[in-house]
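A structural walkthrough
The chain contents come next:
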Amino acid sequence: MSTPSTTLPGGTWTLGDLTVTRFGYGAMQLAGPWVMGPPADHDGAIAVLREAVDLGITHIDTSDSYGPHITNQLIREALHPYPDSLHVVTKIGGRRDEQGGWPTERRPDQLRRQVEDNLESLGLDTLGVVNLRLGDADGPVQESIAEAYETLVDFQQQGMIRHLGVSNATVAQVDEARAIAPLVCVQNMYNLAHRLDDELIDRLAADGVAYVPFFPLGGFSPLQSSALSAVAARLDATAMSVALAWLLQRSPNILLIPGTSSVAHLRENVAGAGIALGEDDLAELDRISPRES
Ligand SMILES: NC(=O)c1ccc[n+]([C@@H]2O[C@H](COP(=O)([O-])OP(=O)(O)OC[C@H]3O[C@@H](n4cnc5c(N)ncnc54)[C@H](OP(=O)(O)O)[C@@H]3O)[C@@H](O)[C@H]2O)c1
């Protein structure tokens, strides 16, 4: 059922009972501009997904909101029937409107429809991991998540979902979810320049819960920093490789889901993320966004 070992940088991690490579792939960038509509290069998108699996990646992150439905459909077209080792992680809790907005939808009936849509578009009988997407497009919002998370637990008990996670969550919401039922991952915004979750990452690591940073490379505005460029130049590496290597070395519970619509970038990122950062490199990179204490 699972891949016990890998040659990919970072090795593997187990989400509940699903072993995945710590180097995963985020599919959001495969949809059209601003994550709406189909990609300009359909065959290129299919090639990226197949290359990810050929490289040994066993964790693909997606959402039916991307497109909407587009990235899930591409994943199904490229990879179905899925290898046993491959685990697709999706998220629910919102939808796309005609203007490309991201309105929230977290009532039980809305969540059920989203689970059913994901099962249909991905061609699965059970969703391996589902993140409850919280907050709004501007970031986390502190409010109770009990009703929505309990609804997902209900779907889990019905066999529609194997494992649960939360995304775009506050620390209090992570704690609220964990008090209701176990979660296997937290997917929040985090990268070299945005480190609000440092303390949460350490706490989750101690408890064996994965932390999956979205926008690991800066998202729509790629990371730019003189310190990052200086370290990359010293190591004869790309800035993106250093940013990914830093995440892998930051904590063993961090799983990578960098996005790209380019086979060349995917190969470059996989090859580069294994670079060893020394104490001097880490100290310089830490100064980009010092930890709060
Ligand atoms: N839970 C949430 O709320 C949430 C929100 C956002 C994203 N996500 C997830 O997180 C994943 C990652 O986020 P993301 O894709 O938006 O951002 P990202 O991984 O931080 O950055 C992706 C961008 O980096 C570029 N890139 C990648 N490799 C590169 C390289 N070697 N050289 C130069 N540029 C490179 C890509 O352009 P190219 O296409 O040209 O390579 C793309 O524009 C998404 O795919 C999605 O699954 C989740």
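Structure report, in brief. (Residues numbered from 1 in each chain as written. Predicted model: local features only at pLDDT ≥ 70, side-chain atom pairs only at ≥ 80, totals over all residues. Heavy atoms only, no water.)

1. Section: the overall build of the protein
Counting secondary structure elements, the protein contains 10 helices and nine strands. The globule rule puts the C-alpha radius of gyration for 293 residues at 19 Å, and the 18 Å found for the protein is close to it. A total of 293 residues make up the protein; the buried ones form 54% of that total. Across the protein, contacts joining residues at least 24 apart in sequence account for 74% of those joining residues at least 6 apart. Summed over all atoms, the accessible surface of the protein reaches about 12500 Å², with 50% contributed by carbon and sulfur. (Helix = DSSP H or I, 4+ residues; strand = E, 2+ residues; numbered from the N terminus. Rg over C-alpha atoms; globule rule 2.2 N^0.38 Å. Buried < 20%, exposed > 50% of the residue type's maximum accessible area, 1.4 Å probe, protein only. Contact = heavy atoms within 4.5 Å. Areas by Shrake-Rupley, 256 points an atom, 1.4 Å probe, with all protein chains shown as cover.)

2. Some details on the site of the ligand
Taken together, 25 residues form the shell around the ligand, and within it Asp61, Ser167, Leu217, Thr260 and His265 come nearest. The contact in question runs from an oxygen atom of the ligand to an N or O atom on the backbone of Gly218, over 3.2 Å. Interatomic distance of 2.6 Å between a side-chain N/O atom of His265 and an oxygen atom of the ligand. In isolation the ligand exposes 910 Å². Once the protein is present, 87% of that is buried. Top contributing element to the shell around the ligand by residue count: helix 9 (residues 263–272), with three residues. Residue composition of the shell around the ligand, by class: 10 nonpolar, 11 polar and four charged. (Near = heavy atom within 4 Å. Polar contact = N/O pair within 3.5 Å; in protein donor to acceptor, adjacent residues only side chain to side chain. Nonpolar A, V, L, I, M, F, W, Y, C, P; charged D, E, K, R; others polar.)

3. A look at helix 2 (residues 70–79)
Summarising burial for helix 2: seven of the 10 residues are buried, a large majority. Those residues of helix 2 not exposed but buried are Ile70, Thr71, Asn72, Leu74, Ile75, Ala78 and Leu79. The secondary structure elements touched by the buried residues of helix 2 are helix 1 (42–54), strand 4 (59–61), strand 5 (87–92) and helix 3 (108–122).

4. Concerning the pattern of salt bridges
Following the criterion strictly, the structure yields 17 salt bridges and no others. Across the salt bridge formed by Arg95 and Glu105, the nearest N and O atoms sit 2.8 Å from each other. Linking Arg95 in the loop between strand 5 and helix 3 with Glu105 in the loop between strand 5 and helix 3, this pair joins segments that are 10 residues apart in sequence. Residue class for Glu105 comes out buried when judged on its relative accessible area of 10%. Here Arg106 makes a salt bridge to Glu143, at a shortest N to O gap of 3.2 Å. With Arg106 in the loop between strand 5 and helix 3 and Glu143 in the loop between strand 6 (127–133) and helix 4 (146–157), this pair connects stretches of sequence that are 37 residues apart. Members of the salt-bridge network, linked through shared partners, are Arg195, Asp198, Asp202, Arg250 and Asp286. (Salt bridge = Lys/Arg side-chain N within 4 Å of Asp/Glu carboxyl O.)

5. So, the nonpolar core
Counting 77 residues, the largest nonpolar core has Tyr25, Leu49, Ile75, Tyr149, Leu152 and Val166 as the members making the most contacts within it. Top contributing element to this core by residue count: helix 8 (residues 239–250), with seven residues. Judged by nonpolar contacts, the second largest core, of 12 residues, contains Trp13, Val20, Val184 and Leu255. (Core = buried A, V, L, I, M, F, W, Y, C linked by side-chain atoms within 4.5 Å.)

6. Remarks on helix 8
Taking 1.5 Å per residue, 12 residues should reach 16 Å; helix 8 reaches 16 Å between its end C-alpha atoms and fits that length. Those residues of helix 8 hidden inside the fold are in contact with helix 6 (198–206), helix 7 (226–235), helix 9 and helix 10 (279–286). (Expected span 1.5 Å × (residues − 1).)

7. Describing the sheet that holds strand 5
Spatially, the seven strands line up as an open sheet ordered 3-4-5-6-7-8-9, and their pairing is parallel. The sheet is open, and its two edges are formed by strand 3 (25–26) and strand 9 (210–211), each paired on a single side. Summarising the sheet, strand 6 and strand 7 (residues 161–167) pair through six bridges and their orientation is parallel. The residue bridging Val129 from the neighbouring strand is His163, located in strand 7. (Pairing = 2+ DSSP bridges.)

8. Here's the deal with the side chain of Ser289
With respect to the helices and strands, the residue Ser289 is situated in the segment after helix 10. What makes Ser289 buried here is its relative accessible area of 14%. Setting aside its immediate chain neighbours within four residues, Ser289 contacts Leu192, Ala193, His194 and Arg195.

9. Notes on the packing of aromatic side chains
Per the stated rule, a full pass over the model turns up six aromatic pairs. Taken together, a centroid distance of 6.3 Å and an interplanar angle of 75° make the contact between Tyr66 and Trp102 edge-to-face. One end of the pair, Tyr66, is in the loop between strand 4 and helix 2; the other, Trp102, is in the loop between strand 5 and helix 3, and 36 residues separate them in sequence. Ring geometry for Phe214 versus Phe215: centroids 5.0 Å apart, planes at 80°, classification edge-to-face. Given the relative accessible area of 21%, Phe215 is considered partly exposed. (Phe/Tyr/Trp six-rings, centres within 6.5 Å; stacked < 30°, edge-to-face > 60°.)

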